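Chain by chain, the residues:
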Amino acid sequence: MAITYTSGEQVEVYRFSIPATVLIPLTAVFLQAWLPLRFPFFSIFDLPLLVTIGFATARRSPLTGLLTGSVIGILQDALTHHPIGLYGISKTVVGFGASSLGIKLDVEHAGARFLLTIFFYAVHELVYFMISRGLVGLRMARGWPHECWSGVANAVLGVLIFMLLDRVKQRT
Amino acid sequence: MDVLGRYRNLIVLVGVLFAQVLGLAVQVKRTSDSEPTRLIRVWAVDAVTPLEKALVWVQTSTGNVWHNYFYLRGVRAENRSLKQQIERMSLEQVRMSQDADQARRLQALLAFKEQFISATMAAQVIGSSGSEQSRSLYIDKGEGAGIKPDMAVITADGIVGKVLRVYSSTSLVLLINDQSSGVGAILERSRLQGILKGTSTGEVALEKVMSDETVPAGELVLTSGGDGVFPKGLLVGTVTKVAPGSELFLNIRVRPAANLNKLEEVLVVTKIDERQAQPEQTGATRAVDILAERLPTVPPKPENAEKGAVPGPPAPSSTSSDAKPKTVPPEASASSGAPAARKTASSAPSSSGAAAGTRAMKVSPQPVKAAAEPKPQSAAQDTPH
């Protein structure tokens, strides 16, 4: 029941206020940089990615989704010492894909969100791997078990974050 | 136009991706140390780091108030000062080691220059990069405090990394376990040199050690000074695993001495001085004098047996003055030999992270014991008579 095709009229499109649009991604990037200092295990999460997916699926606009992903990704890149664009490209693709999929699927249910997050986490990691390996020459040696557990962990956290975003989004 | 409208989203997606790939390509091609920091990085760092600093300050202040005033008031301060006193006394003991003096004399013969960490600055860790692929930290000192790129960052336990980028009030430190990090390293006992690099999983590996060499687990790894960032003799870590690697080199894993996952305060080496070792002798030191010092001493016979006694070999302490090494000057006397080079002699960084200049600390170019073993033979051959 959760993942069903819905017609265009039944899909609700939401928007976020300007303060929420600015502060939520900034907060996500900040927490991503600060929390691993105190809790090293937190580095397996990708809060900016979850916020990108949340924004994209709520707004349901591919254009807005890809631009949101691009900005959030570039901001995340700027804090690392790698070239700017690795996370930018990955999250641009995720933002576009999540918003495109959000038009066609009902993503209000927790189960749908869980699966959606796992899927786009995998897409994000794949794109990041290809870009970093192919263009920059970085070596990524994380194994499949680590990626699987990271995906599940991010999906669980994503469901919680989407519930928080539900309180902030506004109907258009 | 109809096509443009129909595929507008895809066109914008391709355009944005292309622009980012182009930007990536330009950055990768033009990577150089003299490249100025991109404005987007400055904006992102300026947006995030003030909040990190504020949070760390609140956390530290609250902890200080509790620990210093409400909880075991005064006891912690006393404990801290006693620990510092013990550390100072340990450093004094090492300093007076005769092996360190001997190594210094030999270096003087070969005209080696010694490096001294003459100034450090305490800094607090306020944030990380937020990515498992980028192992770096942000500290709360930047250009305004005199931090410059490629300054070494250490703790009392061992080295941490180097300053990669400097902003106005914060700096990015690249950890030694990052893939793009490289540190010149040397094994303490075997004196084998290699390059310490980070792996993609966050471990530290010692590379470029030939596979026919023997490296025991548990051996200490020190900085070799060859990278021009870290002075020689600082503790890096301990060898944990040695296995045959690819090509001609061993696969050596090193456990860093500093806990890179739980760093709160670090020291930035802001000044390194070089000077040539100054032995005491006025003329050239003869190899025979150096060897004579190593001979066991024969205590002088009591007075009543002196008349018929044959003078024994001179005691090392009574060797001719021109071969006796100079007492280490006070400036260097605050320094430490190799074992103490593993811990910084600077005072523990304050919890508020205030900059702290420290007294000069000498880093022994060679660990004491290893320098003592094979050298005299070559010194005997090289020293002019």
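Bear in mind the structure is a predicted one, so any value in this text is a computation, not a measurement.

### Describing the overall build of chain B
Across its full length, chain B carries 10 helices and 13 strands. Look at the contacts in chain B between residues 6 or more apart in sequence, and 67% of them connect residues 24 or more apart. For chain B, the computed accessible surface area is about 20,500 Å², with 56% contributed by carbon and sulfur atoms.

### Here we look at the overall build of chain A
Helix and strand content of chain A: 6 helices and 2 strands. Taken from the N to the C terminus, the helices and strands of chain A come in the order β-α-α-α-α-α-α-β. Out of the 172 residues in chain A, the part that is buried amounts to 55%. Sequence separation of at least 24 residues holds for 74% of the intrachain contacts in chain A that already meet a minimum separation of 6. Within the structure as shown, chain A displays about 7,500 Å² of accessible surface, and the carbon and sulfur contribution to it stands at 72%.

### What about the packing of helix 2 (residues 47–59) of chain A against helix 6 (residues 144–168) of chain A?
All names here are of chain A. Interaxial distance between helix 2 and helix 6 falls to 9 Å at its minimum, and their mutual angle equals 50 degrees. Put simply, helix 2 runs oblique to helix 6. By crossing handedness, the relation of helix 2 to helix 6 is classed as right-handed. Contacts between helix 2 and helix 6 involve L47, L50, I53, G54 and F55 on the former and, on the latter, N154, L157, G158, I161, F162 and L165.

### Regarding the interface of chain B and chain A
With 48 residues of chain B at the contact, the number on the chain A side is 46 residues. Here chain B and chain A share an interface that buries about 4,000 Å² over both sides, 64% of which is from carbon and sulfur atoms. Taken together, chain B and chain A are joined by 0 salt bridges. Joining chain B to chain A, the criterion identifies 15 residue pairs in polar contact (both at pLDDT 80 or more). Counting only elements with at least two residues in the side of chain B that touches chain A, the list comes to helix 2 (8–29), helix 3 (39–70), strand 1 (113–128), strand 2 (136–139), strand 4 (159–166) and strand 5 (171–175) of chain B. Class assignment for the residues of the side of chain B that touches chain A results in 23 nonpolar, 18 polar and 7 charged.

### Some thoughts on a nonpolar patch on the surface
Residues and elements named next belong to chain A. Residues W149, V152, V156, L160 and M163 make up a contiguous nonpolar surface patch of roughly 520 Å² in combined accessible area. The residue V156 is located in helix 6 in this model. The exposure class of V156 is partly exposed, given its relative accessible area of 43%.

### Some points on unusual backbone geometry
Of note in this structure, R60 of chain A is not a glycine but carries a positive phi near 55 degrees. Under the relative-accessibility criterion, R60 of chain A is labelled buried at 8%. Phi at R191 of chain B is positive, roughly 65 degrees, even though this residue is not glycine. On the basis of relative accessible area, R191 of chain B is assigned to the partly exposed category, the value being 24%.

### Some points on the confidence of the model for chain B
All names here are of chain B. On average, chain B scores 73 in pLDDT, and the residues at 70 or more come to 63%. Confidence scores differ between elements of chain B, with helix 8 (residues 338–341) showing the lowest mean pLDDT of 38 and strand 5 the highest of 95. Segment residues 309–385: pLDDT under 50, and 168 contacts once partners within four positions in sequence are set aside and those in other chains are kept. Reported confidence for the predicted complex is 0.82 by ipTM and 0.67 by pTM.

### Things to note about the sheet that holds strand 7 (residues 193–198) of chain B
Sheets are built from strands paired through backbone hydrogen bonds, the pairs being either parallel or antiparallel. Residues and elements named next belong to chain B. With respect to topology, 6 strands assemble into a closed barrel ordered 6-7-8-11-10-9, the strand pairing being antiparallel. Between one strand axis and the next, the sheet turns through 45 degrees on average, direction left out of account. Pairing of strand 10 (residues 235–244) with strand 11 (residues 250–256) involves 7 bridges; the strand directions are antiparallel. In the strand pairing of strand 11, K241 is matched with R253.

### Points about helix 6 of chain A
For an α-helix, the turn length of 3.6 residues means that residues three or four places apart are oriented alike. Residue and element names in this part refer to chain A. A rise of 1.5 Å per residue sets the reference length of helix 6, with its 25 residues, at 36 Å; its end C-alpha atoms lie 35 Å apart and thus fit the reference within 8%. Of the positions making up helix 6, those classed as buried are E147, S150, G151, A153, N154, A155, L157, G158, V159, I161, F162 and L165. Summarising the contacts, the buried residues of helix 6 are in contact with helix 1 (18–38), helix 2 and helix 5 (110–136).

### With respect to the environment of Y138 of chain B
Residues and elements named next belong to chain B. Its place among the elements puts Y138 in strand 2. For Y138, a relative accessible area of 0% translates into the label buried. For the pair formed by Y138 and S128, sequence separation is 10 residues and the distance between their alpha carbons is 5.7 Å.

### Some remarks on the packing of aromatic side chains
All names here are of chain A. One pass over the full model with this rule turns up 6 aromatic pairs over all chains. Considering the side-chain rings of F42 and F45, the 5.1 Å spacing of their centres and the 55 degrees angle between planes classify their relative orientation as tilted. For F45, a relative accessible area of 14% translates into the label buried. Taking the ring centre of Y14 as reference, the NZ or CZ of K169 above it sits at 4.1 Å.

### Points about the pattern of salt bridges
Counted by the stated rule, this structure contains 9 salt bridges over all chains. One salt bridge connects E108 of chain A with R60 of chain A, and the closest N-O pair in it is separated by 3.5 Å. In this pair, E108 of chain A sits in the loop between helix 4 (86–104) and helix 5 while R60 of chain A sits in the loop between helix 2 and helix 3 (62–78), placing the two residues 48 residues apart along the sequence. Taking relative accessible area as the criterion, E108 of chain A reaches 33% and is therefore assigned partly exposed. D150 of chain B is the salt-bridge partner of K162 of chain B, the closest N and O atoms lying 3.2 Å from each other. Of the two residues, K162 of chain B is situated in strand 4 and D150 of chain B in the loop between strand 2 and strand 3 (152–154); the sequence distance between them amounts to 12 residues. When salt bridges with common partners are traced through the structure, they connect R60, E108, R113, D166 and K169 of chain A into a single cluster.

The rules behind the values
Residues numbered from 1 in each chain as written. Chains lettered and ligands numbered in written order. Predicted model: local features only at pLDDT ≥ 70, side-chain atom pairs only at ≥ 80, totals over all residues. Heavy atoms only, no water. Helix = DSSP H or I, 4+ residues; strand = E, 2+ residues; numbered from the N terminus. Contact = heavy atoms within 4.5 Å. Areas by Shrake-Rupley, 256 points an atom, 1.4 Å probe, with all protein chains shown as cover. Buried < 20%, exposed > 50% of the residue type's maximum accessible area, 1.4 Å probe, protein only. Axes fitted to C-alpha atoms, helices over the stretch in contact; angles between N-to-C directions. Parallel < 35°, antiparallel > 145°, perpendicular 65-115°, else oblique. Left-handed = near helix turned anticlockwise from the far one by under 90°. Buried area = accessible area lost by both parts, 1.4 Å probe. Salt bridge = Lys/Arg side-chain N within 4 Å of Asp/Glu carboxyl O. Polar contact = N/O pair within 3.5 Å; in protein donor to acceptor, adjacent residues only side chain to side chain. Nonpolar A, V, L, I, M, F, W, Y, C, P; charged D, E, K, R; others polar. Patch = residues over 30% accessible without salt bridge, like charges linked within 9 Å, V, L, I, M, F, W, Y side chains within 5 Å. pLDDT = per-residue confidence, 0-100. Pairing = 2+ DSSP bridges. Expected span 1.5 Å × (residues − 1). Phe/Tyr/Trp six-rings, centres within 6.5 Å; stacked < 30°, edge-to-face > 60°. Lys NZ or Arg CZ within 6 Å of the ring centre and 35° of its normal.

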